[in-house]
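# Architecture and fold: a report
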Amino acid sequence: MGPGKLIKKHILFLWILFAAVLANRLTINVDNWTLLTFVSCILSTAILRKTGMPSGKHLLLSLLLAVLCTVAYFGYEHSRSVLIYGLFTAGLPTLLAAAAVFAVMEKKGGLRMIAGKDRESVLFSIGLGFIVGMGLSAVNLMLSGDQVTFGFSFWKILLALNPAIHEEISFRAVFMAYCCLHADKDGMDGLELFTMYFMMCMPHTMAHGYGFVGTLLLCLFFGLPFTFLQHRRDILTAMVSHGIVDAVRFILTGF
């Protein structure tokens with residue numbers, strides 16, 4: 001294998017992290033979400049060490065996203081303790097990951113929070129996310145086989161903000177940001193693009209704790225569409241779509 005065919009260091013680093021996640025799942029079995037959060041924080045820190053912090057407006061947006069996904073836990077339980085839990089499990093990791101993602105957006109490009117700055121672009125992203133989310137919700141209900149019992153409440157909508165924001169930023173966008181940061185000026189080669197999609201899909205899917213078939217189905221029907229929306233459209237579209245899927249599930253089948 002010639003020098004030009006050697007795996008790039010940043011790609012090798014991602015596969016080493018994935019190997020650790022997989023080994024944990026097969027042996028030690030430390031809490032999957034805790035480990036994935038740790039991996040996300042490692043990548044976020046590595047990004048910020050190379051890029052520095054984003055601009056003030058993006059730091060404020062990072063803080064807002066962190067507050068929203070923390071407060072969302074209040075939809076599950078109305079207590080101070082659940083907010084403290086949410087702060088450390090979702091709020092702070094989201095703050096760090098969002099700052100890293102925005103730093104790459106500003107200084108390297110390759111990913112977008114919103115595809116365009118005009119109102120029509122924002123509305124299109126929200127509408128597309130809603131349509132895809134409703135379609136995936138139907139798939140989710142069919143795959144789960146859960147009994148449908150309608151129970152609408154504001155709190156269930158609020159709770160859906162947590163996965164919509166936290167998981168899309170901390171467990172998906174941060175992998176894209178890391179890959180975009182290290183991409184050459186000519187873009188990513190085939191291995192880099194495959195690695196980015198795989199890392200944006202599989203670690204988050206595995207964290208749900210299903211068996212092989214369940215994990216594969218979750219990855220194909222949900223992880224891959226959310227990843228595609230982030231990469232080909234923008235992060236907002238994936239957030240809306242993810243939030244719709246969870247909101248529908250909470251309303252129709254409970255928590």
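Above this text is the structure in question.
From a predicted model like this one, the values you see are computed outputs, not experimental measurements. (Residues numbered from 1 in each chain as written. Predicted model: local features only at pLDDT ≥ 70, side-chain atom pairs only at ≥ 80, totals over all residues. Heavy atoms only, no water.)

On to the side chain of D234, then. Looking at where D234 falls in the secondary structure, it is placed in the loop between helix 8 (212-232) and helix 9 (235-253). According to the relative accessible area criterion, D234 is buried, its value standing at 0%. Ignoring sequence-local partners within four residues, the contact set of D234 consists of R112, M113, I114, A115, S125 and L229. (Helix = DSSP H or I, 4+ residues; strand = E, 2+ residues; numbered from the N terminus. Buried < 20%, exposed > 50% of the residue type's maximum accessible area, 1.4 Å probe, protein only. Contact = heavy atoms within 4.5 Å.)

Enumeration over the complete set of coordinates arrives at 2 cavities of 30 Å³ or more. Empty space within the largest cavity amounts to approximately 70 Å³. In terms of lining residues, the largest cavity is bounded by V21, N24, R25, N32, L35, L36, P203, M206 and A207. Breaking the lining of the largest cavity down by element, the ones donating at least two residues are helix 1 (9-26), helix 2 (32-51) and helix 7 (190-206). Tallied by class, the residues present in the lining of the largest cavity amount to 6 nonpolar, 2 polar and 1 charged. Of the pockets and cavities examined, the second largest cavity occupies roughly 40 Å³. Every residue along the wall of the second largest cavity is listed here: L14, L17, F18, V21, L36, V39, F175, M199 and P203. Residue contributions to the lining of the second largest cavity peak at 4 residues, all from helix 1. (1 Å grid on protein atoms, 1.4 Å probe; cavity = no way out; pocket = protein on both sides within 12 Å on 5 of 7 lines; lining within 4 Å. Points joined across faces, edges and corners; volume = space filled by probe spheres on them. Nonpolar A, V, L, I, M, F, W, Y, C, P; charged D, E, K, R; others polar.)

Since one α-helical turn is 3.6 residues long, residues separated by three or four positions face the same way. Given a rise of 1.5 Å per residue, 28 residues ought to cover 40 Å, and the 38 Å separating the end C-alpha atoms of helix 4 (residues 80-107) matches this to within 8%. At L87, helix 4 shows its strongest bend, of approximately 45°. Looking one or two residues past helix 4, G109 carries a phi angle of roughly 85°, positive in sign. (Expected span 1.5 Å × (residues − 1). Bend = angle between axes of the 7 residues up to and from the residue.)

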